[in-house]
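Structural features, examined
Now for the letters of each chain:
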Amino acid sequence: MERSMLYPVTTRTRRAVSLDGMWNFQFDPQSQGVNDGWANGLPAPLLMPVPSAFADLFTDKDSREYCGDFWYETNFFVPGEWEGQEVVLRFGSATHRATVFVNGQEVTRHEGGFLPFNVRVTDLVRFNQDNKVAVLVNNELHEAMLPAGRTTTLSNGKKMATPYFDFYNYAGLQRPVKLLCLPKEQIVDFTVNHRLDGADAFVDYTVETTGEKDCRVLVYDKEGNLVAESTGKTGTLHLENAHLWNVHASYLYRFVVQIVDGETLVDEYTQKIGVRTFCIENGRFLLNGKPIYLKGFGKHEDSDLRGRGLDLVTIKRDYECMKWIGANCFRTSHYPYAEEMYQMADEEGFLVIDETPAVGFLESITNFLAANQGNGKQVGYFEKETTPQLLENHKQALSDMIRRDKNHACVIAWSILNEPQCTSEGTEAYFKPLFDLAHELDVQKRPRTYAIVMMSLPNTSKGQQFCDFISLNRYYGWYVMGGQNMVDAEAAFHQEMQGWNQVLNGRPMIFTEYGADTMPSEHKLPSVMWSQEYQNEYLDMNHRVFDAYDFVQGELVWNFADFQTTEGIMRVNGNKKGIFTRQRQPKDAAFNFRARWCSLPQDFKK
Ligand code: CKU
């Protein structure tokens, strides 16, 4: 149960109650809360909404930039009729680490800010009464964690987080918190893999439970008709004339997983699942056996006031914008997103490249972003004292992400890192176990990749050989040879592409980043960098290069929308490479993309 990554649902045997709302909240700069008994009640609480980041709700800078320990606390009522069953608390995430207390007692600790965790509290809660949950959260950054960064102390004694990554270090309880009631013998995990045979589909499944009783799986179509059934903890479901899940043409079956004891229903879990296959063959991505060209975005979970807090309104608007512009894919840069985002991708028929929070493993980027704060040193990232701990945390995040997301039709690939340092000796020893683990854990054997930073070239990158497809982050015409130099940028870009052509060995390549910062306020004829006109010229040049190579099988522009970053001389109140503003209104480039993407066939360059 503790390990279960199943999304909480209410069924005949399960209850899932939302604990979202206004919680009590308090900063703990001296880390005194544990000793002073704050788990039993916060001495001077503020109110704080859950889910949300806390940062952008305050009006003073010290609170916004707060780094260190802080607490959330609320009361919850446990119904008396739940007695005799398992009671579980489920956090969608706690950024970046948390210790949970129930009725004053510590019940669990969790490291990593972007994946869910459960804790069983059956023996601690008082039934038919109020109970207290207190969560000690910490948002400090260091080099053995994902995402990486460092924490320093300012002359006034306050801590400051310096991310090694280009997004704001939002923190808190940013995803839903739920109280669950589950049967003692329960379903812990459910896994599917799909095979197509003519008009039919076969779904091989496995159910993991906490006991020995038998299982049954039922499949219902959209109209609610039972279309397949099987018994056993493993088995195969035969879908005659299967409705396949497809891009912009989703079809989701309802899978009902049961533990049964003769006629008695012991546990029941349900999940909507799309049936499809995805693989790479002859340098092409094949969805249900047909070539598909990837068009879309690198994104962020980022919106006004909420920071990275789950916001269904933003999610809805983002999908409407992505449909309007003709996109079919996005990458969850640079961390696994809230589960609600993948559920919507399943419903809307979008392809997702799912990324771990492995970002910031490169000192040149840190020095560049931090400009005046960097230490100027550039050493191998995977030969440090912190590396073994980092690898452990990385494996944990990768396993949890795969376990959580493996049944989503939308998820077509695993991105194992973003822009790591990958040219030094330690690279292979660090990468190999992670790439192996992804294949071992994923029965669908989704293709694996990592986003390769500028300056890591085909002949210098010691990580590219592990990829099933190559993903490049490239900024020719922005960070490299921008402005009037664009003509040289285009030539240099072609030259690099020829190098990659030598090492692809039939693997497709996609662009996981390309983009130019653009202020929605700026127009200029002829263009200058940062103007809307320049963003379009930059994109046209990049697309000319992509279109010249058959092996380029996708383009995910950086970024879907403007997003918040740490302040500094490289960023104007955030990164402005959005095709949409942070408020999700189109820049001029959005119309350029709409014209291109709506006219490119799905099987472009088939
Ligand atoms: C993006 C220099 C490349 C760093 N890359 C990662 C991403 O997180 C950044 O936001 C580029 C950028 O806009 O610089």
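Residues numbered from 1 in each chain as written. Predicted model: local features only at pLDDT ≥ 70, side-chain atom pairs only at ≥ 80, totals over all residues. Heavy atoms only, no water.

So, about the overall build of the protein. A count of helical and extended segments in the protein gives 9 helices and 30 strands. Against the 2.2 N^0.38 benchmark of 25 Å for 606 residues, the protein shows a C-alpha radius of gyration of 24 Å, consistent with a compact globule. In terms of overall dimensions, the protein has C-alpha extents of about 70 × 70 × 45 Å along its principal axes. A buried classification covers 63% of the 606 residues belonging to the protein. Counting only contacts in the protein whose residues sit at least 6 apart along the sequence, the fraction spanning at least 24 positions is 71%. Between the centroid of the 61 positive side chains of the protein and the centroid of its 79 negative side chains there is a distance of 2 Å. (Helix = DSSP H or I, 4+ residues; strand = E, 2+ residues; numbered from the N terminus. Rg over C-alpha atoms; globule rule 2.2 N^0.38 Å. Buried < 20%, exposed > 50% of the residue type's maximum accessible area, 1.4 Å probe, protein only. Contact = heavy atoms within 4.5 Å. Lys, Arg positive; Asp, Glu negative; His and termini not counted. Charge placed at Lys NZ, Arg CZ, Asp CG, Glu CD.)

So, about the side chain of Asn575. In this structure, Asn575 sits in the loop between β30 (552-558) and α9 (588-599). A distance of 2.8 Å separates polar atoms of two side chains, one belonging to Asn575 and the other to Asp166. At 2.9 Å, the side chain of Asn575 and the backbone nitrogen of Lys577 are in polar contact. Those residues within four positions of Asn575 in sequence are excluded, and the remaining contacts are Asp166, Asp517, Trp558, Asp562, Phe563 and Thr565. (Polar contact = N/O pair within 3.5 Å; in protein donor to acceptor, adjacent residues only side chain to side chain.)

A separate point is the pairing of strand β19 (residues 264-273). Of all 10 residues that make up β19, 7 are buried, and the element is covered over most of its length. Examined bridge by bridge, strand β18 (residues 253-261) and β19 share 9 bridges and lie antiparallel to one another. Note on β19: the bridge partner recorded for Tyr253 is Ile273. Linking two consecutive strands that pair antiparallel, namely β18 and β19, is a turn of 2 residues; a positive phi of about 60° is found at Gly262 within it. (Pairing = 2+ DSSP bridges.)

Quick look at the state of the cysteines now. All chains considered together, the criterion is met by 0 disulfides. Cys279 takes part in no disulfide bond, and the closest cysteine sulfur, belonging to Cys329, lies 16 Å away. Note on Cys279: relative accessible area 30%, which makes it partly exposed. With no disulfide of its own, Cys598 lies 13 Å from the sulfur of Cys321, the closest cysteine sulfur. (Disulfide = S-S within 2.5 Å.)

Okay, the pattern of salt bridges next. On inspection of all chains with the given rule, the structure shows 43 salt bridges. Arg12 serves as the salt-bridge partner of Glu268, at 2.7 Å between the closest nitrogen and oxygen. One end of the pair, Glu268, is in strand β19; the other, Arg12, is in the segment before β1 (15-18), with 256 residues separating them in the sequence. According to the relative accessible area criterion, Glu268 is buried, its value standing at 7%. Close ionic contact of Arg120 with Glu86 constitutes a salt bridge, the shortest N to O distance being 2.8 Å. With Arg120 in strand β8 (residues 117-120) and Glu86 in strand β5 (residues 86-91), this pair connects stretches of sequence that are 34 residues apart. The class of Arg120 is partly exposed, set by a relative accessible area of 31%. Each of the salt bridges in this network shares a partner with another, and the network as a whole consists of Arg3, Asp189, Glu208, Arg403 and Lys406. (Salt bridge = Lys/Arg side-chain N within 4 Å of Asp/Glu carboxyl O.)

On to the environment of Phe117, then. With respect to the element layout, Phe117 can be found in strand β8. For Phe117, a relative accessible area of 6% gives the class buried. Setting aside chain neighbours within four positions, we find Phe117 in contact with Leu89, Arg90, Phe91, Ala94, Ala98, Val100, Thr108 and His110.

The N-to-C vectors of helix α2 (residues 312-325) and helix α3 (residues 339-348) enclose an angle of 35°; their axes lie 11 Å apart at closest approach. Like other packed secondary-structure pairs, α2 and α3 cross with a definite hand, here right-handed. Here α2 contributes Leu312, Ile315, Lys316, Tyr319, Glu320 and Lys323 to the contact with α3, which in turn contributes Glu340, Met341, Met344, Ala345 and Glu348. Considered class by class, the residues forming the contact of α2 with α3 number 6 nonpolar, no polar and 5 charged. (Axes fitted to C-alpha atoms, helices over the stretch in contact; angles between N-to-C directions. Left-handed = near helix turned anticlockwise from the far one by under 90°. Nonpolar A, V, L, I, M, F, W, Y, C, P; charged D, E, K, R; others polar.)

Below, the discussion takes up the sheet that holds strand β25 (residues 351-355). Sheet architecture is closed into a barrel: 8 strands sit in the order β23-β24-β25-β26-β27-β28-β29-β30, paired in parallel fashion. Strand-to-strand, the axes of this sheet are offset by a mean angle of 25°, without reference to chain direction. Here 5 bridges tie strand β23 (residues 294-298) to β30, and the two strands are oriented parallel to one another. The partner of Phe297 across the bridge, within β30, is Val557.

Attention now goes to the site of the ligand. Neighbouring residues of the ligand: 13 residues in total, closest Asp166, His334, Tyr479, Asn575 and Lys577. One of the side-chain nitrogen or oxygen atoms of His334 is found 2.7 Å away from an oxygen atom of the ligand. One of the side-chain N or O atoms of Arg571 is found 3.0 Å from an oxygen atom in the ligand. Relative to its unbound accessible area of 350 Å², the ligand is 96% covered by the protein chains. Considering only residue class, the shell around the ligand consists of 6 nonpolar, 2 polar and 5 charged. (Near = heavy atom within 4 Å. Areas by Shrake-Rupley, 256 points an atom, 1.4 Å probe, with all protein chains shown as cover.)

Glancing now at the nonpolar core. Nonpolar side chains in soluble globular proteins tend to be buried together. If you look at the biggest cluster of nonpolar residues, it comprises 112 residues, and the most contacted ones within it are Phe297, Phe361, Leu417, Met509 and Ile579. If we skip the residues at most four places from it in the chain, Leu417 touches Glu355, Thr356, Ala358, Phe361, Phe382, His394, Tyr430, Phe431, Phe435, Thr449, Tyr450 and Ala451. In terms of nonpolar packing, the next biggest core, distinct from the first, is built from 37 residues, Phe25, Val102, Tyr168 and Cys181 among them. (Core = buried A, V, L, I, M, F, W, Y, C linked by side-chain atoms within 4.5 Å.)

Turning our attention to the pairing of strand β14 (residues 200-209). With respect to burial, β14 is a largely interior element, 7 of its 10 residues being buried. Examined bridge by bridge, strand β13 (residues 187-197) and β14 share 10 bridges and lie antiparallel to one another. For Val192, the partnering residue across the bridge sits in β14 and is Tyr205. Taking the residues between adjacent antiparallel strands as the criterion, β13 and β14 are bridged by 2 residues, where Gly198 takes a positive phi near 60°. Note: β14 against strand β17 (residues 234-239), 6 bridges, orientation antiparallel. Bridged to Phe202 within β17 is His238.

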